[in-house]
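Okay, here's what each chain looks like letter by letter:
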Amino acid sequence: MRQPATLPARSPVAGLRRRRLSFVEVLAQSVSALAPSAAMVAVPALVLVPAGAATPWVLLAATALLVGVGWCLTQFARRMAAVGGLYSYTAKGLGPAGALVAGWALVIGYASVGVSALAGAGAYLGSLLGLAPTPLTSALLAALLGLAAVAATLRGIALSARLALGLEVVSIALVVAVLTALVVLERGTGAVNEVTTATPGPGGLAVGAVLAVAGFMGFESASTLGVEARRPLVAVPRAVLWTPVVAGVLFLAAGAAQVLLLRTAPADVLDSAVPVGRLADLQGLGVLSGLLDAGIVASFFACVTGSVNALGRVLFSMGRERVLPAAAGRTSRRFGTPWVALLSVLPLVAGVPVVLLAAGVAPRTVLAGSLTVSAMGYLLAYVLACAAMPRFLRRIGELTPGPLVGGVLAAVLGSLVLLGAVLLGGAVVAVFVVLWLGGPLLWLFWRLRDPDRLAGGGVYDSATTGSVLAPPGGGGGGRPRGGGAAGPARGRAPPPAGGPPPP
C-alpha cells in the first residue's frame, strides 16, 4: 500500500492521550466547568440585585442566547477535533488576528471563573466547617482548594471528570431539595424586600444579563477535548449543545424560587455570601443546610478543575503553534496532560483570590467581580466564534441559510450584552481591557517579527500515517488504531495539520 503524501507522520497535538474519553467524560468537562449546582445557588441572587423583578426574564434571555451560541459552536465541533476550543474554531473563520483576540479573551474567561469559583468554594467550605469568615481563614481555604484543583488536573481528566459529574448530580439534587423545602416552609410574613420587587432600568437589566450569562460560562469547554474524546465529532457537539439547555432549565427554576424566598427575607440574607444557606439555617434545616454547603463546595471545586483543564489546553494549543513559548506545548509522558501549561496558571487562578481575600475583600465581592470579568472574556470569544462560523462553512463549501442567520443573530445579540457589560462595568472593565490587551499585542508582535508563525493558527488533530495504515502484521485495513483522527465531516479528506480547511 502506498503511503498518502498528504498525511503527516505525527499529529500536531501528539502527546495528549488520544481517543480515551467517553461521552460521559466529555460531558462531565462541560458540566464541571459550568458548575450548575453552584450557579443555581449563587447566580440568581447576584442577578436579583440589579435586575429585581425582571430576574426570571433575564435568566430566560440568557438561556436563549447561550443555547444559540452552543448551536453555532456545534457547526465547528462536527467537523474538526480541536484542543484550543473556540480559539481554534475562530482561527478557521477569522484567521490568526481573530483567533488571538478570541483566544486571549477565552484565557481570561477561564482564569477569572476559576478565581470566582475558588472564592465561592472557600466561602461555602468555611460555612460548612463553622469557621468565622476572617480574611486569613478565607485565604487559606482558597489556597488549599486551588492547590488541590491543579494537582487533580495534572493527573488527567477521566477520573476527575466522572467524579465531578457524580458530585454535580448529587449537588443538584440537594439544591432542589433545599429550595423545595424552603418554598414549602415560606409563609411570606416578613416585610417585602424592595430589591426583589423593583422595576429595573436599562442599566440594571444590562448588569443582570451579564451576570446571568456568567452563570453559563464554561459550557463550551468540552470543545477542548476534541483530541482526547473517543468520538469527538459526536460527543463534543452533544455536550456543547445540551449542557446550556439543561442548565437553563435549572437556573430558571432556581431563580423563580429565590425571587419568592428572598422577597420577604431579612435584608442581611441577600447581602450574605451564602444566601440560600442562610435561609436554610433560619428555617431550621440544619442537616440539609450542611449537606447543601458540602454539595456547593464540591461544585465550585469541580468548576475550578474544569476551568483549569480547559485553560491549560488552550495554552497548550498556543504553545504548539509557537505563539507562546514552546514549553507550553509539553505533555506529561505518564498522564498525557499539558503539565507546563497547567502549572503556569496556578499563580493566577489560585494566587489572585488568595491575595484579595487576605487583603480583606469580601468573598461575595471577589465572586461577583471575577464573574463579570470572566463574562466579558467569554462573551467576546463567543461573539467572534459565532461570527467566524459562517465564514468557516463558506470556505469548506457547506454554508446554508440556517447557519448564516444563526451565526449573525448570535453574534449580534452577544455583542449587545457585551456592550452593556463594557458601558456599565466600571473599574472591572478596565481590569478586563488591561488583561485582554495581551492577545492583540501578541498578534502584533508576531505579525512584525515572524508573520509565518501566525499562519499555522488553530491546530487540530488530523489523521496520521500510523492511524490510517495498518502496522506490519496488523492484518491490513480494519479500524484505525486509536479510533482514527478527525478531519472535516461528511467524508471530506482531512486538510494538512494546522492548515486551513479545504475550499
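(A) Quick peek at the overall build of the chain. A tally of helices and strands in the chain yields 21 helices and zero strands. Expressed as a percentage of the 503 residues in the chain, the buried residues total 57%. Relative to all contacts within the chain whose residues are 6 or more apart in sequence, the contacts with residues 24 or more apart total 85%. In the form shown here, the chain has an accessible surface area of approximately 19,500 Å², with 68% of it arising from carbon and sulfur atoms.

(B) Representation of a nonpolar patch on the surface. A surface patch of nonpolar side chains, about 680 Å² in accessible area, is lined by Leu399, Leu404, Val405, Val408, Leu409, Val412, Leu413 and Leu416. Turning to its location among the elements, Leu404 is positioned in helix 17 (residues 401–424).

(C) Quick peek at helix 4 (residues 86–129). Relative to the 64 Å expected for 44 residues at 1.5 Å per residue, helix 4 spans just 39 Å between its end C-alpha atoms, considerably shorter than the ideal helical length. Where helix 4 bends most, at Leu94, the angle is about 145°, and the proline Pro96 comes one to four residues later. Where helix 4 ends, the next residue or the one after it, Gly130, has phi of about 75°, a positive value.

(D) View of the side chain of Thr224. Note on placement: Thr224 falls in the loop between helix 8 (202–214) and helix 9 (232–262). Beyond its immediate chain neighbours, meaning those up to four positions away, Thr224 contacts Ala82, Val83, Gly84, Gly85, Tyr110, Ala310, Arg313 and Val314.

(E) How the structure looks around the nonpolar core. Core analysis: the biggest nonpolar cluster contains 145 residues, and Tyr89, Phe300 and Met318 have the highest contact counts within it. When residues of this core are assigned to their parent elements, the largest contribution, 21 residues, is made by helix 4. With sequence-adjacent residues up to four places away left out, Met318 is seen in contact with Tyr87, Leu100, Gly103, Trp104, Val107, Val323 and Leu324. Val115, Ala142, Leu357 and Val366 belong to the second largest nonpolar core, which has six residues in total.

(F) Representation of the environment of Phe216 within the structure. Assignment of secondary structure puts Phe216 in the loop between helix 8 and helix 9. Along the sequence, Phe216 and Pro244 sit 28 residues apart, while their C-alpha atoms lie 6.6 Å from each other. With near-sequence residues (within four places) excluded, Phe216 lies in contact with Leu34, Ala62, Thr63, Leu66, Pro244, Ala247, Gly248 and Phe251.

(G) Seen up close, unusual backbone geometry. At Arg19, a residue that is not glycine, the phi angle is positive and equals roughly 55°. Within the secondary structure, Arg19 is located in the segment before helix 1 (23–34). Despite not being glycine, Ala35 has its phi angle at roughly 55°, a positive value. With respect to the helices, strands and loops of the structure, Ala35 is situated in the loop between helix 1 and helix 2 (36–51). The exposure class of Ala35 is buried, given its relative accessible area of 3%.

(H) Inspection of the side chain of Asn309 at higher detail. By the element assignment, Asn309 lies in helix 12 (residues 286–320). Residue class for Asn309 comes out buried when judged on its relative accessible area of 3%. Beyond its immediate sequence surroundings of up to four residues, Asn309 is in contact with Gln29, Thr153, Ile157 and Leu342.

Cut-offs and rules
- Residues numbered from 1 in each chain as written.
- Predicted model: local features only at pLDDT ≥ 70, side-chain atom pairs only at ≥ 80, totals over all residues.
- Heavy atoms only, no water.
- Helix = DSSP H or I, 4+ residues; strand = E, 2+ residues; numbered from the N terminus.
- Buried < 20%, exposed > 50% of the residue type's maximum accessible area, 1.4 Å probe, protein only.
- Contact = heavy atoms within 4.5 Å.
- Areas by Shrake-Rupley, 256 points an atom, 1.4 Å probe, with all protein chains shown as cover.
- Patch = residues over 30% accessible without salt bridge, like charges linked within 9 Å, V, L, I, M, F, W, Y side chains within 5 Å.
- Salt bridge = Lys/Arg side-chain N within 4 Å of Asp/Glu carboxyl O.
- Expected span 1.5 Å × (residues − 1).
- Bend = angle between axes of the 7 residues up to and from the residue.
- Core = buried A, V, L, I, M, F, W, Y, C linked by side-chain atoms within 4.5 Å.

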